[in-house]
Amino acid sequence: MANRLANKVAVITGGTTGIGLGAAKAFAAEGAIVYITGRRKAELDAAVAAIGVNAYGVLADSTKLEDLDRLYAQVQERHGRLDVLYANAGGGDMLPLGELTEKHVDDIFARNVKGVIFTVQKALPLLDKATTGGSVILAGSTTSVLGTAAFSIYSASKAAVRNLARSWILDLKGRAIRINTLSPGPIQTPGLVELVGDDVAQQQGLLDYLASQVPLGRVGQPAEIGSAAVFLASDESSFVNGVELFVDGGLAQV
Ligand SMILES: NC(=O)c1ccc[n+]([C@@H]2O[C@H](COP(=O)([O-])OP(=O)(O)OC[C@H]3O[C@@H](n4cnc5c(N)ncnc54)[C@H](OP(=O)(O)O)[C@@H]3O)[C@@H](O)[C@H]2O)c1
């Protein structure tokens, strides 16, 4: 491993499992100081231990603005700046149009849209002080550009995220803060397999079906999103701004 993120201070929201944990491990391996968040204390502590040196855990729910304030107050106090922000916390469950409820819509938009908005907005004063410019990565999804049965609200929330990046790079014109959307295809995580409940055979059936849809013939692993996130976080992508980077085995490209 190179030291592509040496001396960078990074925050990854939702870093206790899945993609966020994969990205946190990749960032730490490249020399970053990594803050991860999550809502469950035991999982947070286990993830911090698994990441190893230079990892901090902050118990925080990204939909709660006071939790975000507490997170950034710690970063401000210890480092006075933030170089990389990966607004990864999010997710959603499945319901067809006829069964949608107000709670389903509010929950998913709170997690994937409202949470992302204030995660980024509240980080701006720290990102302005980034050593070589700030890099913000938003958690998109191939669902932002594909129709998926019973997944409309989640998919619409990810389409919203994609536009936030497009519009925010104009709001931040002239400031050295880049914002890109990282859109995974199916990645083997708890958040993905639990879409079909906790039956292991059903979870494997979902993974097999999704693999059959992907041109590479398999689902992805969190480390494969982690390595793409390292690129967007690092100075190697210093002129990459406002893109949607699909890391999907080709799923949404055909
Ligand atoms: N897996 C995929 O196939 C896939 C594909 C495209 C996009 N994505 C997106 O990638 C991101 C990560 O997905 P994943 O599959 O890795 O999910 P996951 O395995 O469910 O992990 C989600 C992580 O976020 C945390 N989290 C959830 N809600 C949070 C909140 N409100 N505040 C703070 N932390 C929160 C969870 O911990 P706690 O529950 O303890 O809070 C956990 O650490 C999501 O935005 C998801 O929509 C995933």
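Everything numeric here is computed off the predicted structure, so don't read it as measured data. (Residues numbered from 1 in each chain as written. Predicted model: local features only at pLDDT ≥ 70, side-chain atom pairs only at ≥ 80, totals over all residues. Heavy atoms only, no water.)

A. Representation of the site of the ligand within the structure. In the region of the ligand, 29 residues are neighbours, and Thr16, Arg39, Arg40, Tyr154 and Thr189 sit closest. Lysine 158 is positioned with one of its side-chain polar atoms (N or O) 3.0 Å from an oxygen atom of the ligand. Glycine 191 places a main-chain nitrogen or oxygen 3.0 Å from an oxygen atom of the ligand. In isolation the ligand exposes 880 Å². Once the protein is present, 92% of that is buried. Residue assignment for the shell around the ligand shows that the elements contributing at least two residues are α1 (18–29), α6 (152–171) and α7 (190–193). When residues in the shell around the ligand are grouped by element, the largest group, three residues, is from α7. (Near = heavy atom within 4 Å. Polar contact = N/O pair within 3.5 Å; in protein donor to acceptor, adjacent residues only side chain to side chain. Areas by Shrake-Rupley, 256 points an atom, 1.4 Å probe, with all protein chains shown as cover. Helix = DSSP H or I, 4+ residues; strand = E, 2+ residues; numbered from the N terminus.)

B. Here's a closer look at the side chain of arginine 162. When you line up the elements, arginine 162 lands in helix α6. From its side chain, arginine 162 meets the backbone oxygen of glycine 242 in a polar contact 3.2 Å long. With residues up to four places along the chain from it excluded, the contact list for arginine 162 reads Thr181, Gly242, Val243 and Glu244. (Contact = heavy atoms within 4.5 Å.)

C. Quick peek at the sheet that holds strand β1 (residues 9–12). The strand order across the open sheet built from seven strands is β3-β2-β1-β4-β5-β6-β7, with neighbouring strands paired in parallel fashion. If you trace the sheet from one side to the other, it starts and ends with β3 (55–59) and β7 (244–247), each paired once. Ignoring which end each strand starts from, the neighbouring axes of this sheet average 20° apart. Strand direction decides the pairing type here: β1 and strand β4 (residues 84–87), joined by three bridges, are parallel. Following the sheet pairing, isoleucine 12 is matched in β4 by tyrosine 86. Sheet contacts for helix α4 (residues 102–121): β4 and β5 (134–139); angle to β4, the most-contacted strand, approximately 170°. (Pairing = 2+ DSSP bridges. Axes fitted to C-alpha atoms, helices over the stretch in contact; angles between N-to-C directions.)

D. The pattern of salt bridges, seen in detail. Here the structure, examined in full by the defined rule, presents 12 salt bridges. Glutamate 43 is paired through a salt bridge with arginine 40; the nearest N and O atoms lie 3.8 Å apart. According to the relative accessible area criterion, glutamate 43 is partly exposed, its value standing at 32%. Ionic pairing is found between aspartate 107 and lysine 103, a salt bridge with its closest N-O pair at 2.8 Å. Linking aspartate 107 with lysine 103, this pair stays in helix α4, spanning four residues, or about one helical turn. Three or more residues joined by partner-sharing salt bridges are found here, namely Arg4, Glu30 and Glu236. (Salt bridge = Lys/Arg side-chain N within 4 Å of Asp/Glu carboxyl O. Buried < 20%, exposed > 50% of the residue type's maximum accessible area, 1.4 Å probe, protein only.)

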